[in-house]
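# Fold and contact review
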Amino acid sequence: MSEPSILSRAAEPADIDAAYRLFLGRPAEPQAIDIRAGDDLEALVRDLLGSEEFAVRIRDSLIAGRKDVFVADFTPDAAALAVWAAGRLRLTGATRAALTAARDWSSVLGAVLADPNLRAGYRWAKWAPGVEGLAAALGFGGSPGRSEVIGVVEHMDPDGVSGWVLNRVDPAELLRVEVLADGRFLAAGRTGAFRRDIQEAHGGPGRYGFHIQIALGDRAGPVRLEVRESRSGAALGAAEVSVDPAARLDLLDDIGAELAAVKRALARVEALLPKARRLASFSLRNWDAYWRAFRPAAAPSRGAPPEKPAELRGSLVLAASGDPGRLDRALASILSQADGAWDLAVVAPSAAADAVRAVVERRAKASDMPVRLLPGPASEAERLNRAARLASAGWLVFLDEGLLAPDALDRLAKAMRRPGAGLGYADGDRLIGSPPEEFHADPQLRPDFDPDLLAQEDYLGALVAVRRDLFEAVGGFDQARAPAHRHDLWLRLSEALPANAVTHIGAVLHHGFEPPWADAVATAACAQAHLDRTGRPGTAEPHRDLLGPSRPGAARVRPSGLQAVRARVLIPTRDHFDLLEACLDGLEKTRASNAAQFDIVVVDNDSDPAVAAAAFPGLAENHTFTVVTSPGAFNWAAICNAAAAPGDEDVLIFLNNDTVALGPAWCDALCALAMREDVGAVGARLLYPDGSLQHAGMVIARDGWPLHEGVGLPASDGGYLGRHTLTHACVAVTGACLATRRAVFTELDGFDEAAFAIAFADVDYCMRARARGLKVLYAPDAAFHHLEGASRGLDDTAPKAALFSVEAAAFRARWGTALDLDPFYNPHFERFAPPFTRLAPPPAL
């Protein structure tokens, strides 16, 4: 029986626009139509449903009851969308009947999302629970039905069975596999072994392999073994195996076997520890259960509030929405923590003053914290400035209406009193629904301070502390920047402060009532002003991602002024001239799209002389490049060092020969960042041939191991908090595409070719750059296809595995405790799991 799915056919321009209108509630941009024309229709729909824009602006908004999901000046034609869906998507007859009766856009969307055929073909199941919830919220039932389990037994003998199996509805699920002998249960085990080949074919985390040891005892003759997935009963394989009676072993052999078994058992126990920790953790999608399991205790009762000097006190400025019920809950969460270090001002538009006055007065009478209501003009910026002028404390804390964690003010006070602190922010989440059905969602688990990320969006959140003298020095909020006046102020403060004066409190201190909405046009204007003030040439515009839907409310910066920049692209190669030709083709086709000039140097490492003699002249007919030789055993670091040594180019770009450029302005994207004096290395966005992500920067995860972020996710997946689509700081980037200023490369003495011949030279280089106070940045607009390992094999395969282990040990020995903490990987996340997927117990502060 064939799997039902979305019709697999080429998407025409009308299909692309209709899909955007149905699933994103807006027309497709002309650029998106040009890029996606001819793509598989199934892949297009999957990408849209897997995008952050769908999750935030459509799914979460509709589930929460918001209706303002459409872009300006757009009203969807429900009847036309129903006709398109019925004709172009393989839907059940019941769904087609429902579409004929649909009278509005949400009815069409709900019917399509509830269709079981669409669910079965929905390969990127990460978002499936949310899609089901949205369908239910729109009045359409249905569930994905039985799990889609696929797998196969690859080896079977009297000692064990092995193979792989996965649930396509939830690829992260670890499955139980049973072995039956002549129809009776014999043994069981779970998946968990990493299978790169299956991950590349099906996406997901890749932990799909299994091996189950079996013991058939003293049975003689053939035994029929059957292997199946336990819950679904899906058959994975069956065969007859012949069993010979085990011969008696002498005592010495028995002792040797027992010792070997003990060693294997210890190895298995050690290997299971990280798995057990991961399985015991909460999924990021199960945030409400996580928060309830680890919620902070209620604040202790307080006696008479002690008076404190102004520099140690904080003034809270709460922006009220005009909803008395919400304001009452917000005030209760603040005033329960009252002590002599705090006072509170509630600001509201004059028109809302009567609605909130009674709430403020009632709560103020029952609290020791000074509280006052400050109604004011319609401009929020003016109201906030007025509250700041009337405050007398040394710190100002601006917060949106929401609930404070019970220990929020204590943690804020501790952070604000840190020597040199000037600006502080914390993590947060959102409350959805109404008590008692209210639940926590949308966790905003932020990185430590990242000015480049802040330049693109206001990621600091709804609870921000500012030292009063700094607030006054930069002039407070600028109402001309509304509605992005807060973002504008944080940018101006960041320009006046060293990075170590900005404190990130790694705890969820604020639970907002509303999602964090931002206006992309206003954000871009703030970003442009920031670029102008800091002297960085470029144009800021509303965010549009190169490979998928936009990051809502964010800005994108297009660099400029790079005409005088010269770069050298260094491509190590050995044979594989078909890969090299594709790589050179991609670079040559993009020359005119880049203002920065680049020369190409191919570094030949012992290619077959006869093949090379025939290949290079042919390549030179259509490509401009220079060939240099680097003979000897493969040593990536030494090859790159030798090729980079002579020259006067501004930027060195190290590029694998198994890459193909996707983004037209890749060189400008890399050079614009690499040329900055505060930057040491820049990396690119890399995709597998099937379009899934291979690299979006690195995080320090389990055992101090650097892991690629985003592996296996669709290219259109924006990543947690949009990280895949935004320039951001990270601990390291891969050398498959790494840009660095020649001056930095010289200062760091290049790559360490003595310690790291095949692996870790790129990560070590990034670590040394960061140790010198330089940033490592990820540039999403520099995008390449990457056939990882295609030209020289993977580092964890024989015969390289032994050398890889030696280099891994050397890397850990060199960097030691520096690998214990990744400042850009929030400590709430579990290090023994794929990045940004599972939650560890909250960090102790």
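Residues numbered from 1 in each chain as written. Predicted model: local features only at pLDDT ≥ 70, side-chain atom pairs only at ≥ 80, totals over all residues. Heavy atoms only, no water.

### Some remarks on the overall build of the chain
On a plain count of helices and strands, the chain comes out with 27 helices and 32 strands. When the 845 residues of the chain are sorted by exposure, 54% land in the buried category. A separation of at least 24 residues holds for 75% of the contacts in the chain among residues at least 6 apart in sequence. When the accessible surface of the chain is summed, it comes to about 34,800 Å², and 55% of that surface belongs to carbon and sulfur atoms. (Helix = DSSP H or I, 4+ residues; strand = E, 2+ residues; numbered from the N terminus. Buried < 20%, exposed > 50% of the residue type's maximum accessible area, 1.4 Å probe, protein only. Contact = heavy atoms within 4.5 Å. Areas by Shrake-Rupley, 256 points an atom, 1.4 Å probe, with all protein chains shown as cover.)

### Quick notes on the sheet that holds strand β4 (residues 184–190)
One open sheet holds the four strands; their spatial order is β4-β3-β6-β7, and the pairing between them is antiparallel. Across the chains shown, the open sheet's two edge strands, defined by having one partner strand only, are β4 and β7 (235–243). Here the strands of the sheet are splayed against their neighbours by 20 degrees on average, with no regard to which way each runs. Alignment of strand β6 (residues 221–229) against β7, held across eight bridges, turns out to be antiparallel. Across the sheet, Pro-222 pairs through a bridge with Ser-242, a residue of β7. (Pairing = 2+ DSSP bridges. Axes fitted to C-alpha atoms, helices over the stretch in contact; angles between N-to-C directions.)

### A short note on the packing of aromatic side chains
Scanning all chains against the criterion turns up 31 aromatic pairs. On the basis of an interplanar angle of 65 degrees and a centroid distance of 5.6 Å, the ring pair of Phe-471 and Phe-477 is categorised as edge-to-face. Ring geometry for Phe-751 against Tyr-765: centres 5.1 Å apart, planes inclined by 50 degrees, an arrangement best described as tilted. Here Tyr-765 lies in helix α26 (residues 761–771) and Phe-751 lies in the loop between α25 (742–747) and α26, a separation of 14 residues in the sequence. Residue class for Phe-751 comes out buried when judged on its relative accessible area of 2%. (Phe/Tyr/Trp six-rings, centres within 6.5 Å; stacked < 30°, edge-to-face > 60°.)

### As for the packing of helix α5 (residues 78–88) against helix α7 (residues 105–113)
When two helices pack together, their arrangement is given by the angle between the helix axes and the distance between those axes. Packing of α5 against α7 brings their axes to within 8 Å, and their N-to-C directions diverge by 20 degrees. Looking at the two axes, α5 sits roughly parallel to α7. Every pair of crossing elements has a handedness; the one defined by α5 and α7 is left-handed. In this structure, α5 contributes Ala-78, Leu-81, Ala-82 and Ala-85 to the contact, and α7 contributes Trp-105, Val-108 and Val-112. (Parallel < 35°, antiparallel > 145°, perpendicular 65-115°, else oblique. Left-handed = near helix turned anticlockwise from the far one by under 90°.)

### As for the side chain of Arg-556
Considering the arrangement of structural elements, one finds Arg-556 in strand β19 (residues 555–559). Its relative accessible area of 8% is what places Arg-556 among the buried residues. A polar atom in the side chain of Arg-556 sits 3.1 Å from the backbone oxygen of Arg-544. Among the polar contacts listed, one links the side chain of Arg-556 to the side chain of Asp-781, at a separation of 3.0 Å. (Polar contact = N/O pair within 3.5 Å; in protein donor to acceptor, adjacent residues only side chain to side chain.)

### A few points about the sheet that holds strand β1 (residues 149–157)
Taking strand neighbours across the sheet as the criterion, the three strands line up as β1-β2-β5 in an open arrangement whose pairing is antiparallel. Only two strands of the sheet have a single neighbouring strand rather than two, namely β1 and β5 (209–213). Between one strand and the next, the sheet's axes are offset by a mean angle of 20 degrees, whatever the strand orientation. Note that β1 and strand β2 (residues 160–167) share eight bridges and pair antiparallel. For Val-152, the partnering residue across the bridge sits in β2 and is Trp-164.

### Some words on the nonpolar core
Judged by nonpolar contacts, the single largest core of 59 residues is most densely connected at Phe-654, Phe-751, Phe-760, Tyr-765, Phe-811 and Phe-829. Ranked by size, the runner-up nonpolar core spans 43 residues in total, among them Leu-580, Phe-598, Val-651 and Ile-653. (Core = buried A, V, L, I, M, F, W, Y, C linked by side-chain atoms within 4.5 Å.)

### Looking at the confidence of the model for the chain
Parts of the model with low pLDDT should not have their predicted coordinates read in detail. The share of residues in the chain with pLDDT of 70 or more is 88%, and the mean pLDDT across the chain is 86. Scored below 50 in pLDDT, residues 123–129 makes 30 contacts in the model with residues more than four places away or belonging to other chains. (pLDDT = per-residue confidence, 0-100.)

### As for the pairing of strand β9 (residues 314–319)
Burial runs high along β9: six of the six residues are buried. Every second residue of β9 is oriented toward a common face, with Gly-314, Leu-316 and Leu-318 on one face and Ser-315, Val-317 and Ala-319 on the other, all of them buried. Note: β9 against strand β10 (residues 342–349), six bridges, orientation parallel. Counterpart to Ala-319 in the pairing with β10 is Val-347. Handedness of the crossover is the feature at issue here: the chain leaves β9, passes through helix α13 (residues 324–335), returns alongside β10, and the resulting connection is right-handed. Alignment of β9 against strand β12 (residues 395–400), held across six bridges, turns out to be parallel. Note on β12: the bridge partner recorded for Val-317 is Phe-398. (Right-handed = clockwise from strand over helix to strand, strands pointing away.)

### Some remarks on the pattern of salt bridges
Overall, the coordinates contain 45 salt bridges when judged by the stated rule. Its salt-bridge partner being Arg-292, residue Asp-288 comes within 2.9 Å of it at the nearest N-O pair. Here Arg-292 and Asp-288 lie together in helix α12 (residues 287–294), a separation of four residues that amounts to about one turn. Between Arg-551 and Glu-457 there is a salt bridge, with its nearest N and O atoms 3.0 Å apart. Of this pair, Arg-551 sits in the loop between β18 (538–542) and β19 while Glu-457 sits in the loop between α17 (451–454) and β16 (463–467); the two residues are 94 residues apart in sequence, bridging distant segments of the chain. The burial state of Arg-551 is the same as that of Glu-457; both residues are buried. Because the salt bridges share partners, they merge into one network encompassing Asp-452, Arg-536, Arg-676, Asp-678 and Lys-775. (Salt bridge = Lys/Arg side-chain N within 4 Å of Asp/Glu carboxyl O.)

### Quick word on the environment of Glu-753
Residue position: Glu-753 is located in the loop between α25 and α26. Along the chain, Glu-753 and Ala-637 lie 116 residues apart, while their C-alpha atoms are 4.7 Å from each other.

### Topic: the environment of Arg-551
The class of Arg-551 is buried, set by a relative accessible area of 12%. When the C-alpha positions of Arg-551 and Arg-57 are compared, they lie 9.9 Å apart, and in sequence the two are 494 residues distant. The residues touching Arg-551, leaving out its near neighbours within four places in the chain, are Glu-52, Glu-457, His-543, Leu-721, Gly-722, Thr-725 and Leu-726.

### What about the state of the cysteines?
Applying the stated criterion across every chain yields a total of zero disulfides. Here Cys-671 stays unpaired: no disulfide links it, and the sulfur of Cys-667, its closest cysteine neighbor, is 3.8 Å away. We classify Cys-671 as buried; its relative accessible area is 0%. Here Cys-730 stays unpaired: no disulfide links it, and the sulfur of Cys-766, its closest cysteine neighbor, is 7.3 Å away. (Disulfide = S-S within 2.5 Å.)

### Here's the deal with the packing of helix α6 (residues 93–100) against α7
Running from N to C, α6 and α7 point in directions that differ by 175 degrees, and their axes come no closer than 9 Å. Taken together, the axes of α6 and α7 lie roughly antiparallel to each other. Every residue of α7 that contacts α6 at Thr-95, Ala-98 and Leu-99 is listed here: Val-108, Ala-111 and Val-112. Residues that form the contact of α6 with α7 fall into these classes: five nonpolar, one polar and no charged. (Nonpolar A, V, L, I, M, F, W, Y, C, P; charged D, E, K, R; others polar.)

### Some remarks on the environment of Val-83
If you trace the backbone, Val-83 turns up in helix α5. In this structure the C-alpha to C-alpha distance between Val-83 and Val-108, which are 25 residues apart in sequence, comes to 9.7 Å.

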